[in-house]
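Understanding the architecture of this molecule
Each chain, letter by letter, is given below.
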Amino acid sequence: MIGSALKKMAKENGMQIARGVAYGAYKGYALTMCEGSGWKRLDFSTRFYDVAAQNALENKLNQVDLKRTYRVQSLEITGRSICIVFLDNPGTMKKIQAFLDWFMPLLEESGASKVSICNECGCETMGDDSWVLIDGVAHHMHTACKEKVKRELEAEENLRKEEDTGSYLSGAL
């Protein structure tokens with residue numbers, strides 16, 4: 001789900017809105033925004049090619065009381081994304097904007113991959129690109145990489161369905 005404040009921010013930055021999220025390029029990086037009851041979430045789909053730079057970014061993030069300063073409930077850096085969840089109260093959009101003003105230069109400094117780099121293979125897209133939503137997070141990829149990821153996700157889903165052969169009755173027994 002996405003509310004009016006995030007929709008406004010998305011429109012101001014030329015981002016798209018679909019399937020309950022806003023996504024697109026934000027200051028050169030792939031960003032997905034969504035919200036729910038009491039929270040707003042920003043997901044940057046990006047990769048780090050230098051572990052030392054990623055560690056330096058994490059150290060800088062740990063030096064600030066993100067909860068008190070920006071209302072950040074959680075911040076997680078994974079292999080393909082950075083997920084930031086904010087406590088949503090009146091005035092949160094100002095806190096999010098202040099966080100982004102502080103965070104974006106740090107992200108740039110860390111060498112995180114930008115929106116022009118395929119999140120799957122790590123090569124520049126050069127116009128052969130599209131967006132794919134994976135678990136509610138938009139990733140910018142080559143068209144061929146997108147198709148490969150879709151096939152892999154479908155195969156995983158089929159495998160899960162095949163393994164799930166029980167019922168509530170047999171589970172209770």
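Source: prediction; values computed, not measured. (Residues numbered from 1 in each chain as written. Predicted model: local features only at pLDDT ≥ 70, side-chain atom pairs only at ≥ 80, totals over all residues. Heavy atoms only, no water.)

Structural notes on helix H4 (residues 92-110)
- Here H4 spans 26 Å end to end across 19 residues, near enough to the 27 Å set by a 1.5 Å rise per residue.
- The sharpest bend along H4 reaches about 30° and sits at Phe-103, with the proline Pro-105 one to four residues further on.
- Every buried residue belonging to H4 is among Thr-92, Ile-96, Phe-99, Leu-100, Phe-103, Met-104, Leu-106, Leu-107 and Ser-110, and all of these are buried.
- Looking one or two places after H4, you find Gly-111, whose phi comes out positive at around 80°. (Helix = DSSP H or I, 4+ residues; strand = E, 2+ residues; numbered from the N terminus. Expected span 1.5 Å × (residues − 1). Bend = angle between axes of the 7 residues up to and from the residue. Buried < 20%, exposed > 50% of the residue type's maximum accessible area, 1.4 Å probe, protein only.)

Points about the pairing of strand S7 (residues 130-134)
- With four of five residues buried, S7 is to be regarded as a mostly interior element.
- Looking at chain direction, S7 and strand S8 (residues 137-141) are connected through five bridges and run antiparallel. By the bridge assignment for S8, Leu-133 is matched with Ala-138.
- Taken together, S7 and the strand that follows it, S8, pair antiparallel across an intervening segment of two residues, in which Asp-135 is found at a positive phi of about 50°. (Pairing = 2+ DSSP bridges.)

Details of the nonpolar core
- Formed by 30 residues in total, the largest nonpolar core has its most connected members in Phe-44, Phe-103 and Leu-107.
- Looking at which element gives the most residues to this core, the answer is H4, with seven residues.
- In this structure Phe-44 touches Tyr-29, Ala-30, Leu-31, Arg-80, Ser-81, Ile-82, Ile-84, Leu-100, Phe-103, Met-104 and Leu-107, once residues within four positions along its chain are discounted.
- By size, the runner-up hydrophobic cluster in this structure holds seven residues, among which are Val-21, Cys-34, Trp-131 and Ala-138. (Core = buried A, V, L, I, M, F, W, Y, C linked by side-chain atoms within 4.5 Å. Contact = heavy atoms within 4.5 Å.)

Focus: the pattern of salt bridges
- Summed over the entire model, instances satisfying the criterion amount to 11 salt bridges.
- As a salt-bridge pair, Arg-68 and Asp-65 come within 4.0 Å of each other at their nearest N and O atoms.
- Asp-65 gets classed as partly exposed once you look at its relative accessible area, which sits at 41%.
- Salt-bridge contacts for Lys-114 lead to Glu-108; the nearest nitrogen and oxygen are separated by 2.9 Å.
- Bridged by salt links that share partners, the residues Arg-80, Glu-120, Lys-148 and Glu-152 form one connected network. (Salt bridge = Lys/Arg side-chain N within 4 Å of Asp/Glu carboxyl O.)

Some thoughts on empty space enclosed by the protein
- What the rule picks out here adds up to one cavity of 30 Å³ or more.
- What the largest cavity holds in volume is close to 40 Å³.
- Along the walls of the largest cavity sit Ala-30, Ser-45, Ser-113, Lys-114, Val-115, Ile-117, Asn-119 and His-140, which together make up its complete lining. (1 Å grid on protein atoms, 1.4 Å probe; cavity = no way out; pocket = protein on both sides within 12 Å on 5 of 7 lines; lining within 4 Å. Points joined across faces, edges and corners; volume = space filled by probe spheres on them.)

Thoughts on unusual backbone geometry
- Of note, the phi angle at Arg-19 is positive, near 50°, even though the residue is not glycine.
- If you trace the backbone, Arg-19 turns up in the loop between strand S1 (16-18) and strand S2 (21-26).
- Residue Arg-19 is classed as exposed on the basis of its relative accessible area of 75%.
- Here the phi dihedral of Lys-27 falls at roughly 50°; this positive angle occurs in a residue that is not glycine.
- Relative to the assigned elements, Lys-27 resides in the loop between S2 and strand S3 (29-36).

A look at the packing of helix H1 (residues 4-12) against H4
- At their nearest, the axes of H1 and H4 sit 11 Å apart, and the two run at 40° to each other. Residues Ala-5, Leu-6 and Met-9 of H1 pack against Met-93, Gln-97 and Leu-100 of H4.
- A breakdown of the residues in the contact of H1 with H4 according to their chemical character gives five nonpolar, one polar and no charged. (Axes fitted to C-alpha atoms, helices over the stretch in contact; angles between N-to-C directions. Nonpolar A, V, L, I, M, F, W, Y, C, P; charged D, E, K, R; others polar.)

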